Amino acid sequence: MKKLFLALLLFCSACFANAAADTRNSDSSETITIGIADEFSPDFWPQVLGPTLEYLREALPHLTIKTKEVVLQKTDALKSSNVDLFIAPPLIFWSQLLEDGASAIGMLSPSHSKDPRTSTAGVLITKADRTDLKNEKDLSSKKIAVRAKGLNHEYLLLKHWLSKKRIQLEKSADVLETGFRNPGVLSAVLSGEVDFGLLAYCELENALKSGALEPGKIKVVSESQTPTEVCSRTTELFPNIVVGAYPNTPSDKAAAITAALYDMPVLKNTYRWSYANGFDSLDEVAKELALGPYRYLQEWRPEALWKRFSTEILLFAALVLAAAWHIFRVNRLVALRTEELRTALIEKQKLSEKEKESREKLSTLEKNGLISHLSSLIAHEVKQPLGAITNYTAGLRAHLASGQPDPELVNHVLDKISQQSRDASSVIEFVRSFAKPSAPAGIVKCDPSSVTQKAIETLRLSGNFSGEIYTDISRTPWCSADPKGLELALYNVLKNAAEACGHVSKSCINVTIQEYDGYVEFSIADNGPTLTEDDVQRILQTRISTKKEGLGLGMKIVENIVEKCGGRLELLRNEPSGLRVLIQIPIEKP
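Please read all numbers here as calculations on a predicted model, not as lab measurements. (Residues numbered from 1 in each chain as written. Predicted model: local features only at pLDDT ≥ 70, side-chain atom pairs only at ≥ 80, totals over all residues. Heavy atoms only, no water.)

Chemist: Talk me through the pattern of salt bridges; I want residue IDs and the actual numbers.
Modeler: Applying the stated criterion across every chain yields a total of nine salt bridges. Between Arg233 and Glu229 there is a salt bridge, and its shortest N-O distance comes to 2.9 Å. Here Glu229 falls in the buried class, since its relative accessible area comes to 14%. The shortest N-O distance in the salt bridge between Glu533 and Arg573 comes to 3.7 Å. Highlighted residues: Glu533 in helix H15 (residues 533-542) and Arg573 in strand E17 (residues 568-573), separated in sequence by 40 residues. (Salt bridge = Lys/Arg side-chain N within 4 Å of Asp/Glu carboxyl O. Buried < 20%, exposed > 50% of the residue type's maximum accessible area, 1.4 Å probe, protein only. Helix = DSSP H or I, 4+ residues; strand = E, 2+ residues; numbered from the N terminus.)

Chemist: Tell me about helix H9 (residues 280-288), and please be specific about residues and values.
Modeler: Buried within H9 are the following residues: Leu282, Val285 and Ala286. Down the axis of H9, the buried side of the element spans an arc of 95°, and every buried residue falls inside it. Positive backbone phi, at 55°, marks Ala290, one or two positions downstream of H9. (Arc of directions from axis to C-beta.)

Chemist: Which residues make up the nonpolar core, and what values do they have?
Modeler: Core analysis: the largest hydrophobic core is formed by 53 residues, its most contacted members being Ile87 and Ile257. Among the elements that take part in this core, helix H2 (residues 44-59) stands out by supplying six residues, more than any other. If near-sequence neighbours (up to four positions away) are discounted, Ile87 is found in contact with Ile34, Gly35, Ile36, Ala37, Phe40, Phe44, Leu49, Ile241, Val242 and Val243. Leu488, Leu490, Phe522 and Ile561 belong to the second-largest nonpolar core, a separate cluster that totals 42 residues. (Core = buried A, V, L, I, M, F, W, Y, C linked by side-chain atoms within 4.5 Å. Contact = heavy atoms within 4.5 Å.)

Chemist: Quick one: what's the story with the sheet that holds strand E8 (residues 196-200), residue by residue and with numbers?
Modeler: If you trace the five strands from one edge of the open sheet to the other, you get E7-E6-E8-E5-E9, paired in mixed fashion. Each edge of the sheet is formed by a strand with only one pairing partner; in this case those strands are strand E7 (174-177) and strand E9 (218-220). Across the sheet, the mean angle from the axis of one strand to that of its neighbour is 35°, orientation sign disregarded. Two strands pair when backbone bridges link them, and strand E5 (residues 122-127) and E8 are joined in this way by four bridges, in the antiparallel orientation. Pairing of Leu124 across the sheet is with Leu198, part of E8. Sheet strands touched by helix H4 (residues 153-164): E5, strand E6 (143-146), E7 and E8. Its angle to E8, the strand with the most contacts, is close to 120°. (Pairing = 2+ DSSP bridges. Axes fitted to C-alpha atoms, helices over the stretch in contact; angles between N-to-C directions.)

Chemist: Could you give an account of the confidence of the model for the protein chain, with specific residues and numbers?
Modeler: Of the residues in the protein chain, 82% reach a pLDDT of 70 or more, and the chain-wide mean stands at 81. Confidence drops under pLDDT 50 across residues 9-28; counting only partners more than four residues distant or on other chains, this segment forms 14 contacts. With pLDDT under 50 throughout, residues 548-552 is counted as low confidence; its partners more than four residues away or in other chains account for six contacts. (pLDDT = per-residue confidence, 0-100.)

Chemist: An account of the sheet that holds strand E2 (residues 63-70) is requested, with residue identities and associated values reported.
Modeler: Taken together, six strands build an open sheet; the order of strands is E2-E1-E3-E10-E4-E11 and the sheet is mixed. The open sheet has two free edges, formed respectively by E2 and strand E11 (272-274), since each of these has just one partner strand. Across this sheet, the average inter-strand angle for adjacent strands is 25°, counted without regard to direction. Relative to strand E10 (residues 242-245), strand E3 (residues 85-88) runs antiparallel, the two sharing four bridges. Bridge pairing in E10 links Phe86 to Gly244. In the packing of H2 onto the sheet, contacts are made with strand E1 (30-37), E2, E3, strand E4 (103-109) and E11, and the angle to E2 comes to roughly 155°.

Chemist: How would you explain unusual backbone geometry if you had to name every residue and give the values?
Modeler: In this structure, the amide linkage connecting Glu575 to the following residue, Pro576, adopts the cis form with an omega of 5°. Mapped onto the fold, Pro576 is located in the loop between E17 and strand E18 (579-586). For Ser141, which is not glycine, the phi dihedral falls at a positive 65°. Along the chain, Ser141 turns up in the loop between E5 and E6. Even without being glycine, Asp517 reaches a positive phi, approximately 50°. Examined against the element boundaries, Asp517 turns out to sit in the loop between strand E15 (508-516) and strand E16 (519-526).

Chemist: I'd like to hear about the state of the cysteines, residue by residue, with values.
Modeler: Evaluation of the coordinates by the stated rule reveals one disulfide. In this model, Cys202 is linked to Cys231 through a disulfide, with the two sulfur atoms separated by 1.9 Å. Taking the sign of the S-S torsion, about 105° here, the bridge from Cys202 to Cys231 comes out right-handed. With a gap of 29 residues between them, Cys202 in the loop between E8 and helix H7 (203-210) and Cys231 in the loop between E9 and E10 connect regions that are remote in the sequence. Exposure class is identical for Cys202 and Cys231. Each is buried. Not engaged in a disulfide, the cysteine Cys479 finds its nearest cysteine sulfur in Cys446; these two sulfurs lie 4.4 Å apart. Lacking any disulfide linkage, Cys565 is separated from the closest cysteine sulfur, that of Cys479, by 7.8 Å. (Disulfide = S-S within 2.5 Å.)

Here it is as structure tokens:
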């Protein structure tokens, strides 16, 4: 019957196409082929497909529209059919066409649903008087009538719905295919030939409305109808029939067909074509049933695995048994050797104790080395204030020996001696804190300009530098540092600069302070002898003095002070001669 409908429709379409071709120039006609899936019911042809094709030919007279039936049961049938457009059930579109880059340009929208994305479902029915059949669990060992298996839309929806309930349709029930004759499924159920039947969404209501079925004869199994739905159903709701286009379809033709479908009036049976979307719900179905893009999943099901890899599976099982036996033997050997391991652990503990003793001895040696280092450090840093005290004392004696002492000058010198004594004391306190790396540094809010002025004044009072000191220490942000430690670090750098340029005819030191990238940057540059890159790298890496009489501690002290303040130290060649030292201390956070 279905083939008869298709032949009649194709004949009428061909006659219409030939008649239209006689009225226009054949050179201006373009051909477009539409593939028609063979999984539609006979009612679909005269009610939907025929009127749709007739309207498209009237609306698009410049196109010669041909149709071609495609048998979906053949592998890649649509892909190999060489069609431009296709009309197929939604799961066929998703499973067979989306993987080839096809796109949906229209979706059938029936009157019984406001949204075409939720307008198809599977309806499981049985006779109303079958009290023994209440839900899907009663399918076991029963017969069910369906129009077609394979890629039939309602059949796939029912299979997916049952699989979520851990029921495999073809294993639980005997499936009988009735074909697309009407009322095939209903007749099989009413006659008792089968126990269950599968109908399309709203098919039961249409049969009651047309009088083909008496009320009260059929009931829906596991009914899921909501108050807003006009038809009963068993499965979830899914999208409706789709018009699709392949990537190689000319865009102008696809656009013309799309526009014509959307402009098409509502059919007599209240069907219409609308925008196509909402295929996400079909992805779960395709994946569960291993369709289309998920066809590869069929190869990993238990039945397929056993059929393809039975030999490998048996070998794997043998390996597992062998591994189990090996594990058993190993466990017995472990049990026998437990005592040996305990003895080894005791020996290891003794060795650990000896290692601890060795570490303690090494720590003692390190402490002795630290004492030697601190002794040199004290001699290096206390030398300056003690030398100043000696100079002040000698000057005071000479002044008193003159016989006419000036009380104001005497008090001034005594104040300076007292200040240098306090400086010596503060140096000792700083060295004590320097000797304890784990002790927290006295980091406080510090004025960079004030600290720099004190370091410069100390250098001038020492009498060891007669050159010029140029400063650019305008107001800068306060920094976070140990004031005494920072002053000591700056003084060490200034003293090294003074000694480096002491033999230059016009010796000078340039001191600048500026804000740089979140730091207060102190720059001290001298015009001493020209240094090579190797000299700078050696000072930078070893932190030792290049002077024969130097203790080799000055830059080491500076480096440790800067690191305790969270800062950075950098040495650069000064142009045209001398060395430039950069000290960067973090800016005080508000």
